[in-house]
Structure formats: C-alpha cells, structure tokens
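This is what each chain is made of:
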Amino acid sequence: MAGTILITGASSGIGRETAALFLREGWRVGLLGRRAAALEAVAEGRDTALVLPCDVTDADAVEAAVARLAEAWGRLDVLFNNAGNNVAGAPIDEISVEDWRTVLEVNVHGAFVAARAAFAQMRRQDPQGGRIINNGSISAQVPRPGSVPYTMSKHAITGLTRTLSLDGRPYDIACGQIDIGNALTDMAEKMTRGVPQADGSTKVEPVMDAAHVASSVLYMASLPLDVNVQFHTVMATKMPFIGRG
C-alpha cells in the first residue's frame, strides 16, 4: 500500500530513479537534495511530490524538512537514506584529509542526521512506527582498490543499520540496508570505461539499469512493519564481487 517516503539525494542517480518510481506507484514523495531546480524536475509539478532543498549534512535543515513533510502529509512512513559521494581512488597515503572528511561528512554524518530526524518523527507520530532503508553499497561488504574513505563510510552504514534495527524495535521502526553493485548512474559510468582491479589490471565491468535498484527499494518499502528485509544485495550479475580480490 502506498504511503509517504523521504528520499535523500533525490536529484540524481539512484535517488532520482527511485523517486520517479515511487511517484508513479502513487506514493507521496519528499525529495531532499541540495539542487532545488533538479528536484523540481523530478517532481514534475505533481502534488504528491514535495521539494525539500537542503544539505543533508545540515541537521537543523534536515529536521525542518522532515517537519515540513509531516505537516503536509501527517506522517513519514519510509526514509530512503540514499545521499552519498566519493573521491578519486588512491592508496591511503595519497588521500588528503580534506577528501576523507568530504566523504565522511556526507556518507556518515549525513546518513546519521537523516536517520535521526526520521526516527524522531516515526517515534512520535500516531500510529507510531516506520521504516528506514539505508543505501549501503557493495563496498559495505568488500572494498575496491584505493577506496579507504568510501569503504569505511559504507561499513559505518552497516553499523547504523544494525543499531537502528535494534533500537527501533520498541517503536515499530524497522531498518534495512540495500547494497548496490554497478548500477549505471553518473557515479558508476566509469565502470563502462575501465576501473582498477585487485590484480592490478584495469577492466571494464558489467553494469545494470538503476531501475532495478528502485524496484528493490519499492519492494522493501512496501512490506508491513512486522516484516523486514535486513540486508538486500542487488548487482550486475557478472561484476567482480563474488571472488573479488
């Protein structure tokens, strides 16, 4: 049954694809991201879309966005905690502290901020409860070469998922994680041109349509709260994951 979802990083890539699917399926969708014009393009003037331009790392702004959504639609059923970024791959001693902090700020701090605001709303609404779906990535399970900041950030997301799953039980707040491998977005386009492998080579990797990620999130979001997909991996079948390294 359709409900209300907040999607962070909704202006591009997986967030945009997921938002478009949920809107087509009759959900009310809060679109959170930094670029208002890009969010408006996703919304296409629908009254079931609420554009919420803000930086996911700004706790006050995210709390205000959740409050605005709750005021408009009465409750928040699902958060897709999706916003993320990355920096160029390199050995750890060639990665600047500034680049590390850039990834940490969005991928970890931003995920915490969004989950915190959503959890608070789900806890106080009547009826109580909701669902948080974190975007983990294949890198929450295994690293790519030269990926210390991103891999560390996605392992942190797994810790967030597990803890929220535990802490949410008394309040009917479920939490699951989707780990995505090689969905074809702007961020993953480089896979089609060749990326470093664990054996030192550079190879083109198979990719998949991001629509398959969106449909996976829709499935997870549509379950009743007494059922939860704790971890879900969706990936291009022949990408180097099983046997990576």
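Residues numbered from 1 in each chain as written. Predicted model: local features only at pLDDT ≥ 70, side-chain atom pairs only at ≥ 80, totals over all residues. Heavy atoms only, no water.

Visitor: So what exactly am I meant to see when it comes to the packing of helix α4 (residues 97-124) against helix α5 (residues 148-167) here?
Guide: The relative placement of two packed helices is expressed as an angle between their axes plus a distance between the axes. In the contact formed by α4 and α5, the axes pass within 9 Å of each other and the chain directions differ by 15 degrees. The orientation of α4 with respect to α5, classified from their angle, is roughly parallel. Crossing hand, α4 versus α5: right-handed. Judged by residue contacts, W100, V103, N107, V108, A111, A115 and F119 of α4 engage P149, Y150, M152, S153, K154, A156, I157, L160, L164 and D167 from α5. (Axes fitted to C-alpha atoms, helices over the stretch in contact; angles between N-to-C directions. Helix = DSSP H or I, 4+ residues; strand = E, 2+ residues; numbered from the N terminus. Parallel < 35°, antiparallel > 145°, perpendicular 65-115°, else oblique. Left-handed = near helix turned anticlockwise from the far one by under 90°. Contact = heavy atoms within 4.5 Å.)

Visitor: What is the right way to look at the nonpolar core in this model?
Guide: A general tendency of soluble globular proteins is for nonpolar side chains to be buried together. In terms of nonpolar packing, the biggest core is built from 37 residues, with V29, L31, I178 and V213 touching the most fellow members. Elements represented by at least two residues in this core include exactly β1 (4-8), α1 (13-24), β2 (28-33), α2 (36-43), β3 (49-53), β4 (78-81), β6 (173-181) and α6 (211-222). In terms of residue count, α6 provides more of this core than any other element does, six residues in total. Ignoring anything within four residues of it in the chain, the contact list for I178 reads F80, I133, N134, N135, G136, S137, V213, S216, V217, M220, H232 and V234. Within the second largest apolar cluster, 29 residues are counted, among which are L50, V56, V66 and V106. (Core = buried A, V, L, I, M, F, W, Y, C linked by side-chain atoms within 4.5 Å. Buried < 20%, exposed > 50% of the residue type's maximum accessible area, 1.4 Å probe, protein only.)

Visitor: What exactly am I supposed to notice about the pattern of salt bridges here?
Guide: Two side chains bearing opposite charge may form a pair once their charged atoms approach each other closely. In total, this model carries four salt bridges according to the counting rule given. Across the salt bridge formed by R116 and E63, the nearest N and O atoms sit 2.6 Å from each other. Placement of the pair is R116 in helix α4 and E63 in helix α3 (residues 59-73), with a sequence separation of 53 residues. In this structure E63 comes out as partly exposed when scored by relative accessible area, which is 36%. In this structure, D77 and R75 form a salt bridge, with 2.7 Å as the shortest nitrogen-oxygen distance. (Salt bridge = Lys/Arg side-chain N within 4 Å of Asp/Glu carboxyl O.)

Visitor: Please explain α3 as it appears in this structure.
Guide: An α-helical turn contains 3.6 residues, so any two residues separated by three or four positions project in the same direction. Here α3 contains 15 residues, and its C-alpha end-to-end distance of 21 Å stays within 8% of the 21 Å for a straight helix at 1.5 Å per residue. Buried positions along α3 lie against β1, β2, β3 and α4. Once α3 ends, the next one or two residues include G74, with phi positive near 90 degrees. (Expected span 1.5 Å × (residues − 1).)

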